[in-house]
Amino acid sequence: MAMLWKFMRVAKYSKTALSSKVKVRGIPTHSRHSSSKSLPSDFAASGTVELLGKSYPQDDYSNVTEKILSKVGKNLHNRKHHPLWLIKEQVKEHFYKHYLGRRGTPLFSVYDGLSPVVTVQQNFDSLLIPQNHASRRKEDNYYLNRDHMLRAHTSAHQWDLIRSGLDAFLAVGDVYRRDTIDNTHYPVFHQMEGVRLFSCHELFSSIKDGEGLRLFEQGHRTAHKQECHTMEAVRLVEFNLKQVLTKLMTHIFGDGLQVRWVDCYFPFTHPSFEMEINFQGEWMEVLGCGVMEQQLVNS
C-alpha cells in the first residue's frame, strides 16, 4: 500500500528576457495577449522548440509561450538562500531527522533536479487520469506538442520513481499551468510531493496481535476505501499520513497551529484529503494527499 501527499503551491518569477537555454526555431510569434507572445497553432512542419538541450517538433497541440519558456530552467528551488530553497531545505531536514531506515539512514530520498519537460503519458496516463478528463485540456496546460508538455504537477514523476524501486521519496520542482494571474495564481509555481509504500510488516508491526491483519482483500469500493484494501490497512495508512503531515506543518508554522481535514477527490488516490490551516482567521488549503490507487502501484 502507498500514501501520497503534495504541498508547496508557491512562487512568483521575476520578468526576464528569453533565456539563452531556450530557442524557438522556424516559428513566427504573435501576441496572444498583452503580457505574452504565444506560438501559433498552425505551425510549419519544420517548426521546433529547443529546450534544455533537446528539440521538440511543433504540431497542432503546441501552445507554450515565449514568456513561459523563459522561466524553464531557472530552478529557483535549488538556488541557495532563495525562499523556495529555504523551505525545501527545512522540509528535507525535518524528514531526514525524524524518519530513519533500519540502518539509521534517511528513509526518504529527495529528487529536486528532474526535468520539467515530461510526456503526456507521464503527466496523465501513468496517473490513471481518463482521456476525457478536464485536466488534460489545452486551455489548462502548456504543450510542446501532442506527446510532450511542461509538467502540471510533480506527480508526473511518481510512476517512474516507484518503478525504479523506491518506496519512500520526496520530489520537488517547478510546475506549469495556464492560470489567470491574480493574488493567488500564477502560471508557474512549485510543488513538493511525498510518497511512501508500506509492506504488511511495516504497517502492522507496532499493532498488538497484528500478525493476522492483512493489507488486501477482495471487497467493494466505498467512500472510505478501495475494493482491494482492508479497512484496517486503510485506517492505519490514513492515520500515519495525517500524523506525518500535521507534524511537518507544525514544524514549518509553529506550535498552536489549527488544522482541519477535508474529504476530496483526486484521480490517483482514494480516499483523498486536503489539509487546511487557520491563517488570520480564515481556513487556507496547504496540501492534498491520500492513499494511492493500488492499480497505479501494481502497474
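Going by an unreviewed UniProt entry, the protein chain carries the name SYFM protein and comes from Chloropsis cyanopogon.

Participant: Can you walk me through the environment of Pro187 in this structure?
Facilitator: Summarising the element assignment, Pro187 is placed in the loop between strand 10 (168-176) and strand 11 (188-197). On the basis of relative accessibility, which here comes to 8%, the residue Pro187 falls in the buried class. Setting aside anything within four residues of it in sequence, one finds Pro187 in contact with Ile68, Tyr142, Val175, Tyr176, Arg177, Asp179 and Ile181.

Participant: Sorry if this is basic, but what is going on with the nonpolar core here?
Facilitator: Generally speaking, a soluble globular protein has its nonpolar side chains buried in company with each other. Counting 32 residues, the largest nonpolar core has Trp5, Phe7 and Phe95 as the members making the most contacts within it. Counting residues per element, the ones that place at least two in this core are strand 1 (2-10), helix 2 (83-98), strand 10, helix 5 (200-204), helix 6 (231-253), strand 13 (269-279) and strand 14 (282-292). When residues in this core are grouped by element, the largest group, 8 residues, is from helix 6. Residue contacts for Trp5: discarding those within four places in its chain leaves Phe95, Phe108, Leu170, Met192, Glu193, Gly194, Val195, Leu241, Leu245, Gly288 and Cys289. Membership of the second largest hydrophobic core comes to 19 residues, among which are Ile162, Val195, Leu197 and Phe268.

Participant: Explanation requested: the pattern of salt bridges in the structure shown.
Facilitator: Once their charged atoms are close, side chains differing in charge can pair, the charge on each being opposite to the other. Scanning the model with the defined rule gives 13 salt bridges in all. The partner of Lys242 in a salt bridge is Glu238, and the shortest N-O contact between them spans 2.9 Å. With Lys242 and Glu238 both in helix 6 and 4 residues apart, the pair spans about one turn of that helix. As far as burial versus exposure is concerned, Lys242 and Glu238 are alike and both buried.

Participant: Honestly, the environment of Leu245 in this entry has me stumped. Any pointers?
Facilitator: Tracing the backbone shows Leu245 in helix 6. Placed 240 residues apart in sequence, Leu245 and Trp5 show a C-alpha to C-alpha distance of 8.3 Å. Excluding residues within four positions of it along the chain, Leu245 makes contact with Trp5, Phe7, Trp261, Met275, Leu287 and Cys289.

Participant: What should I look at first to understand the side chain of His94 in this one?
Facilitator: Looking at the secondary structure, you find His94 in helix 2. On the accessibility criterion, His94 (5% relative accessible area) is buried. Ignoring sequence-local partners within four residues, the contact set of His94 consists of Tyr99, Lys247, Leu248 and His251.

Conventions and cut-offs
Residues numbered from 1 in each chain as written. Predicted model: local features only at pLDDT ≥ 70, side-chain atom pairs only at ≥ 80, totals over all residues. Heavy atoms only, no water. Helix = DSSP H or I, 4+ residues; strand = E, 2+ residues; numbered from the N terminus. Buried < 20%, exposed > 50% of the residue type's maximum accessible area, 1.4 Å probe, protein only. Contact = heavy atoms within 4.5 Å. Core = buried A, V, L, I, M, F, W, Y, C linked by side-chain atoms within 4.5 Å. Salt bridge = Lys/Arg side-chain N within 4 Å of Asp/Glu carboxyl O.

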